[in-house]
Amino acid sequence: MTQSINLLIGTRKGAFILKSNEDRRIWEMSGPHCETWPTNHVVGDPKTGTIYAAGGNEWFGPAVWKSTDGGKSWTHSSKGLAYAEGQDPVKAVWSLCVAPDAIYAGVEPAGLFKSTDGGESWVHLDGLRNHRSREHWMPGGAGLILHSLLVDPDDPQSIHVGISSAGVFHSADGGQTWEPRNKGTRADYMPEDQRYPEVGQCVHNLVRAAGGNGRLYQQNHCGMYRSDDAGKTWQSIEDGLPSSFGFPAAAHPRDPDTVFMVPLNGDTKGRYMPDAKAAVWRTRDGGKTWADLRDGLPQQDVYFNVLRQALSTDSLSPAGVYFGAASGAIYGSANEGDGWTLIAQNLPPVVSVETMVA
Amino acid sequence: MDASAARPVVTVKIAAVLADLFPGAPREFIVQAQCVGEMIDALDQQFPGMGDRIRDSRPAIRKHMNVFVDGERATLDTPLSHHDEVFVITAISGG
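Note that the structure is predicted; figures quoted are calculated from it, not measured.

Size of an interface, as often reported, equals the accessible area lost when the parts are brought together. The interface of chain A with chain B comprises 14 residues on the first partner and 15 residues on the second. Grouping the constituent residues of the side of chain A that touches chain B by class yields 5 nonpolar, 5 polar and 4 charged.

Structure follows, in structure tokens:
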């Protein structure tokens with residue numbers, strides 16, 4: 001059966017969809033969707049083909065958009081997507097996760113909402129809001145955002161989130177209570193004797209490896225890490241990479257040892273491609289060794305960055321890998337990163353890239 | 001006596017960019033409301049979700065939205081009188 005692949009792209013000015021077939025050679029673009037609202041994350045439910053887009057508009061506040069016809073028409077809702085009266089209002093939605101039992105939304109200021117009616121209405125899961133460490137959470141450069149949201153497909157009660165810059169948290173009870181999962185990750189911006197705190201790490205992106213064995217990877221403001229115990233402990237895997245700084249990570253759809261990252265030149269050096277040459281880096285042994293993947297990527301004067309949620313893989317074989325740059329370019333590889341092509345350019349700054357094979 | 005009968009009848013004109021978010025929504029409404037907050041409730045009843053676009057959960061009129069009643073910038077508590085003209089418009093924002 002022929003499958004279609006959708007790249008779901010969030011940008012500063014609306015959502016875009018790029019569609020292709022299994023060859024992944026010719027892409028057809030639609031957009032901007034969602035009335036050009038700043039769109040932080042776009043995800044699809046491969047079972048139904050429904051597309052959800054999350055964002056927030058300076059005028060109109062936060063909303064989750066929904067399309068059941070491949071992006072031709074959209075509705076939006078923020079019913080229930082609000083904190084209690086008197087608290088700082090929800091500014092924007094930053095992450096979505098389609099889980100077996102519900103759709104989850106992570107927001108700024110950091111918090112988690114759940115919808116059991118397909119995004120028509122939302123309920124606040126207030127465990128993060130009431131966490132004992134909450135008063136110590138400091139906003140990162142983009143605000144106090146919940147940008148990484150992983151609901152275990154085999155156990156929807158098990159949820160991991162990444163919050164800038166509070167760190168990684170895990171809930172075993174569907175979001176009611178949370179425990180920090182930051183052991184072994186650094187906070188280089190703290191005084192020397194406080195660089196491994198319980199919370200306060202600036203996680204940039206958190207992804208789950210295939211296989212369901214508790215393996216996670218994270219790109220942090222301060223290093224790249226792997227966990228083999230669902231985040232209870234983390235090991236640095238930054239040796240062999242050109243810097244310890246970057247934003248996104250993407251796991252291989254089937255091989256738990258393969259993950260992709262996009263190191264930038266450094267926290268304080270401009271945050272663009274190292275040596276102004278574009279590369280995605282891949283490990284096939286869980287982070288012991290890394291290879292730089294450059295074939296087809298620009299190798300001169302490249303000053304773009306790739307943000308937290310803007311690197312993704314698809315579920316085809318060989319796996320496709322895609323990233324979107326703040327310059328508005330989308331690059332894709334149909335062979336696990338060995339060769340790349342430019343598949344769109346001149347979009348608004350890209351915030352996120354996800355895939356849906358349906 | 002019907003309680004709504006005592007409420008002032010006002011004309012509400014909304015920004016095109018707001019109306020566009022709700023397929024079928026007009027740019028102009030006639031509603032009965034005693035204050036701006038009630039007026040927003042009335043719009044929300046006709047087009048569910050429109051209230052959230054104008055008012056946040058503090059609750060207050062959103063930071064980058066403006067509601068003017070007969071030429072004066074209003075808050076949720078601003079009272080309305082018969083035949084008032086209310087404008088719901090977007091403030092300067094963005095890049």
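Now for unusual backbone geometry. For the peptide bond that leads from Ser-317 of chain A to Pro-318 of chain A, omega is -5 degrees, which places it in the cis range. The residue Pro-318 of chain A is located in the loop between strand S24 (311-313) and strand S25 (321-324) in this model. Residue Arg-58 of chain B is joined to Pro-59 of chain B through a cis peptide bond whose omega torsion reads 0 degrees. Secondary-structure assignment places Pro-59 of chain B in the loop between strand S3 (55-56) and strand S4 (60-61). Look at Thr-36 of chain A: it is not a glycine, yet its phi comes out positive at around 60 degrees. Among the structural elements, Thr-36 of chain A can be located in the loop between strand S3 (28-33) and strand S4 (39-44). We classify Thr-36 of chain A as partly exposed; it has 18 C-beta atoms within 10 Å.

Before going further, it helps to examine the sheet that holds strand S20 (residues 246-251) of chain A. Residue and element names in this part refer to chain A. Taken in spatial order, the 4 strands of this open sheet run S20-S21-S22-S23, and their pairing is antiparallel. Each having just a single partner strand, S20 and strand S23 (291-293) make up the two edges of the open sheet. Pairwise comparison of adjacent strand axes, ignoring direction, gives a mean angle of 30 degrees for this sheet. Bridge count between S20 and strand S21 (residues 259-263): 4 bridges; the pairing is antiparallel. Bridge pairing in S21 places Ala-251 opposite Val-259.

What counts, and where the lines are drawn
Residues numbered from 1 in each chain as written. Chains lettered and ligands numbered in written order. Predicted model: local features only at pLDDT ≥ 70, side-chain atom pairs only at ≥ 80, totals over all residues. Contact = placed C-beta atoms within 7 Å. Nonpolar A, V, L, I, M, F, W, Y, C, P; charged D, E, K, R; others polar. Helix = DSSP H or I, 4+ residues; strand = E, 2+ residues; numbered from the N terminus. Buried ≥ 20, exposed ≤ 12 C-beta atoms within 10 Å, placed from the backbone. Pairing = 2+ DSSP bridges. Axes fitted to C-alpha atoms, helices over the stretch in contact; angles between N-to-C directions.

That's the geometry; what it means functionally is another story.
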